[in-house]
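Listed below, chain by chain, are the residues.
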Amino acid sequence: MLAHNRIAVLHGVNLDQLGRRDPAIYGELDYDRLTQRIGEYAAELELSAQFFQTNFEGELVEHLHRVNDIADAIIINPGAWTHYSYAIRDAVEIAALPTVEVHLSDVQNREEFRRNSVISEICLMTVSGQGVDGYRSALEVLRDNLAAAAN
Ligand code: DQA
């Protein structure tokens, strides 16, 4: 078991509304079931996941300011903030933890404005278009990264 195995799984604006959003784009799971599934994936990988969601940008910024106290790595799906929030980007940079960006939908093949992410440059990788399974890929990447850092 890794000593550093705590993953903060952060969701931004409108992701609490999963279940009401188009299932053809975002899948069938509502937010609670999504986080439950991610928690199961984490447990299978011997990681511990903790969840945070907000619709208020400053709240996510402040959570990121404190995240080092509770986590060793970050998975972030910022929702629409992905495409324009330099404040979230700066806060992720300040946290300075290994970070993977995840999108449920295939953002590269949707509207033009979704193709740009102001976050991806400071992340280890971006996973999109894999639905909930994308979070499993992200957890695997972070587990490997944390294991390599421990050696
Ligand atoms: C999203 C993609 C964003 O473009 C969108 O604004 C979201 C969700 C995704 O998970 O596919 O709210 O981040």
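Residues numbered from 1 in each chain as written. Predicted model: local features only at pLDDT ≥ 70, side-chain atom pairs only at ≥ 80, totals over all residues. Heavy atoms only, no water.

> Which residues make up the site of the ligand, and what values go with them?
Looking at the ligand, the residues that line it are Arg21, Tyr26, Asn77, Gly79, Ala80, His83, His103, Leu104, Ser105, Val107 and Arg114. Within the backbone of Ala80, a nitrogen or oxygen atom sits 3.2 Å from an oxygen atom of the ligand. In this structure, Arg114 approaches the ligand through a side-chain N or O atom, which is 2.8 Å from an oxygen atom. For the ligand, the accessible surface in isolation is 320 Å², of which the surrounding protein chains cover 98%. According to the grid-proximity analysis, the pocket containing the ligand is the largest pocket. (Near = heavy atom within 4 Å. Polar contact = N/O pair within 3.5 Å; in protein donor to acceptor, adjacent residues only side chain to side chain. Areas by Shrake-Rupley, 256 points an atom, 1.4 Å probe, with all protein chains shown as cover. 1 Å grid on protein atoms, 1.4 Å probe; cavity = no way out; pocket = protein on both sides within 12 Å on 5 of 7 lines; lining within 4 Å. Sits in = over half its atoms within 2 Å of the grid points.)

> Describe helix H2 (residues 31–44), listing the residues and the values that go with them.
Owing to its 3.6 residues per turn, the α-helix aligns residues three or four sequence positions apart on the same side. The terminal C-alpha atoms of H2 lie 20 Å apart, and with 14 residues this matches the ideal 20 Å at 1.5 Å per residue to within 8%. On the buried face of H2, the contacting elements are strand S1 (6–13), strand S2 (48–53) and helix H5 (133–150). Two residues or fewer past H2, Glu46 is found with a positive phi of approximately 60 degrees. (Helix = DSSP H or I, 4+ residues; strand = E, 2+ residues; numbered from the N terminus. Expected span 1.5 Å × (residues − 1). Contact = heavy atoms within 4.5 Å.)

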